[in-house]
Amino acid sequence: MINKKHNVIITVCLLCIALNGCRKPDSFTVKGTVAGAAGTTLYLENTGLTKVTTIDSLKIKSDGKFSFTKPRPQYPDFYRLKLKNQPIHFSIDSTETIEITADAHNFATSYTVEGSENSKAIKEITLAQLDANQELRKLRNSYGTNLIPDTTYEQNALKTVTTYKEMVMKYIYGAPMSSAAYFALFQQIDGIWFFDLYDRTDSKAYGAVATSYLAYYPESPRTKQLEKLALQSLRVTRGERQKQLDLSKVKEVNFIDIELPDINGSIIKLSDRSKDRATLVSFTAYQSDWSPAFNHRLSELHNKYKERGFEIYQVSLDNDEHFWKNVVSNIPWTCVRDPQSIYSSIAAIYNVRQLPSLFLINSRGEMVKRIESVETIEEDIKSAL
């Protein structure tokens, strides 16, 4: 009888141990060693959807050791270690412990990471993005000093961007549900995403990641963001909508709204101005040489079609607010200005790569296309009315 009771107790204990072992820990740890950084402050930051938040910091020990333990996020999320403005990016999903070994002098580029395959991939993606950024800056400098012609600049810039995309495609299509795929999709060059929301090929990448996140993490805030962007992209490019995303699962989003101040400082929403109207969204810079002729053409179109429900919502990226106010004081359509100028997050979301950039919303409130040529504006407007 004693032996039987003893066996029951052992069985219950083993079952409890097994059950506890199956539970995910409610925290994660990132630890490691940074050579040559004794006494330096190391920061742990969370890279959220809209902002970066410092969640902890410490002084690195004399032996270079550090360790942070924090609550595990409910869904896969992104973090970074920062040392003297040099970041190391990593993700937390099913990982419990990540170990990073680095050197203070090249902290952000020459490090090793163990315990997370996604974080290893994020390192590769980061280095590819840095290489592309460096190459594009060299090209811009050469172009700006007239060392290379327009065609050479455009061809080499396209080649650089294409090389980056080809490298990260293995993560986006190989494991679209991974945090590495998400990270690759949203890398930027000077505030502009490598993957263009309104490019037909790039639209497939947004659709692939969005579809996988819907399946694996339907309640994640990042899934909601992907839904919105992918649906917007697919609505404009149209061709891949049914292939990439099951629209029955989500509420369709017509376009990405804009809220910016007008000449009087009043916040004007694109969604209000475009209600029941065909609307041309124009990103521009009034200080540019081409601006007077371009606005003259817009004035002709505005006068011709305004009685049929045509609206223009023009977004200025000018640095000089005073100059902008003087110019737009007599313009009859909606004129707003983004004080972030060329660093505009709105322009980044719309993937504005040149000025002017034009987008068309039809009278049903649907973003129907990105206008590629000024010469086709009138025909595009007619089709949207």
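Small disclaimer: the values here were computed from a predicted structure and weren't measured. (Residues numbered from 1 in each chain as written. Predicted model: local features only at pLDDT ≥ 70, side-chain atom pairs only at ≥ 80, totals over all residues. Heavy atoms only, no water.)

**Considering the nonpolar core**
Then, number 1: By size, the foremost hydrophobic cluster in this structure holds 58 residues, and its most contacted members are Y164, L185, F195, I258, F283 and Y350.
Then, number 2: Once residues lying within four places of it in the same chain are set aside, the contact partners of I258 are I268, K269, L270, V281, F283, Y313, V315, I346 and Y350. (Core = buried A, V, L, I, M, F, W, Y, C linked by side-chain atoms within 4.5 Å. Buried < 20%, exposed > 50% of the residue type's maximum accessible area, 1.4 Å probe, protein only. Contact = heavy atoms within 4.5 Å.)

**Description of the pattern of salt bridges**
Then, number 1: A full pass over the atoms with the stated rule returns 17 salt bridges.
Then, number 2: Taking the shortest distance from any N to any O, the salt bridge between K120 and E114 comes out at 3.5 Å.
Then, number 3: In this structure K120 comes out as partly exposed when scored by relative accessible area, which is 28%.
Then, number 4: Among the charged side chains, a salt-bridge network with shared partners connects R297, E300, K304 and E378. (Salt bridge = Lys/Arg side-chain N within 4 Å of Asp/Glu carboxyl O.)

**Here's the deal with the packing of aromatic side chains**
Then, number 1: Enumeration according to the criterion identifies 13 aromatic pairs in this entry.
Then, number 2: Both rings, one in Y216 and one in Y217, keep their centres 6.1 Å apart while their planes meet at 45 degrees; by these two values the pair is tilted.
Then, number 3: The exposed category is assigned to Y216, whose relative accessible area is 51%.
Then, number 4: An angle of 85 degrees between the planes, with centres 6.0 Å apart, marks the rings of F283 and F359 as edge-to-face. (Phe/Tyr/Trp six-rings, centres within 6.5 Å; stacked < 30°, edge-to-face > 60°.)

**Concerning unusual backbone geometry**
Then, number 1: In this structure, N85 takes a positive phi of about 65 degrees despite not being glycine.
Then, number 2: Here N85 shows up in the loop between β5 (77-83) and β6 (86-92).
Then, number 3: For N85, a relative accessible area of 67% translates into the label exposed.
Then, number 4: A positive phi angle is found at D276, which is not glycine, with a value near 65 degrees.
Then, number 5: In this structure D276 comes out as exposed when scored by relative accessible area, which is 62%. (Helix = DSSP H or I, 4+ residues; strand = E, 2+ residues; numbered from the N terminus.)

**Quick word on the confidence of the model for the protein chain**
Then, number 1: Per-residue confidence for the protein chain gives a mean pLDDT of 83; residues scoring 70 or more make up 88%.
Then, number 2: Below a pLDDT of 50 lies the segment residues 239-253, which in the model reaches 32 contacts outside its immediate sequence neighbourhood of four places, other chains included. (pLDDT = per-residue confidence, 0-100.)

**What about the sheet that holds strand β15 (residues 334-337)?**
Either a parallel or an antiparallel arrangement is found when strands of a sheet pair, and the pairing is made through backbone hydrogen bonds.
Then, number 1: Taking strand neighbours across the sheet as the criterion, the five strands line up as β15-β14-β13-β16-β17 in an open arrangement whose pairing is mixed. Among the strands making up the open sheet, the edge pair consists of β15 and β17 (367-371). Strand-to-strand, the axes of this sheet are offset by a mean angle of 20 degrees, without reference to chain direction.
Then, number 2: Sheet topology note: the strand β14 (residues 310-316)/β15 ladder contains four bridges and is parallel. Note on β15: the bridge partner recorded for Q314 is C335.
Then, number 3: Together, β13 (278-284), β14 and β16 (357-361) form the strand contacts of helix α9 (residues 291-305), whose direction differs from that of β14 by roughly 155 degrees.
Then, number 4: The strands touched by helix α12 (residues 377-384) within the sheet are β13, β14, β16 and β17, with β16 carrying the most contacts at an inclination of about 20 degrees. (Pairing = 2+ DSSP bridges. Axes fitted to C-alpha atoms, helices over the stretch in contact; angles between N-to-C directions.)

**Quick look at the pairing of β6**
Note on strand geometry: in a regular strand, side chains alternate between the two faces of the sheet.
Then, number 1: With respect to burial, β6 is a largely interior element, five of its seven residues being buried.
Then, number 2: Strand direction decides the pairing type here: β5 and β6, joined by seven bridges, are antiparallel. Directly across from L83, in β6, lies its bridge partner Q86.
Then, number 3: Once β5 ends, the chain turns through two residues before running back antiparallel as β6, passing K84 with a positive phi of about 50 degrees.

**Digging into the packing of α9 against α12**
Then, number 1: Following both chains from N to C, one finds α9 and α12 inclined at 30 degrees, their axes separated by 11 Å at the closest point. Classed by the angle they form, the pair α9 and α12 counts as roughly parallel. Of the two possible hands of crossing, α9 and α12 adopt the one that is right-handed. For the pair α9 and α12, the contacting residues are F294, R297, L301, K304 and Y305 in the first and I377, E378, I381 and K382 in the second.
Then, number 2: Counted by class, the contact of α9 with α12 contains five nonpolar, no polar and four charged residues. (Parallel < 35°, antiparallel > 145°, perpendicular 65-115°, else oblique. Left-handed = near helix turned anticlockwise from the far one by under 90°. Nonpolar A, V, L, I, M, F, W, Y, C, P; charged D, E, K, R; others polar.)

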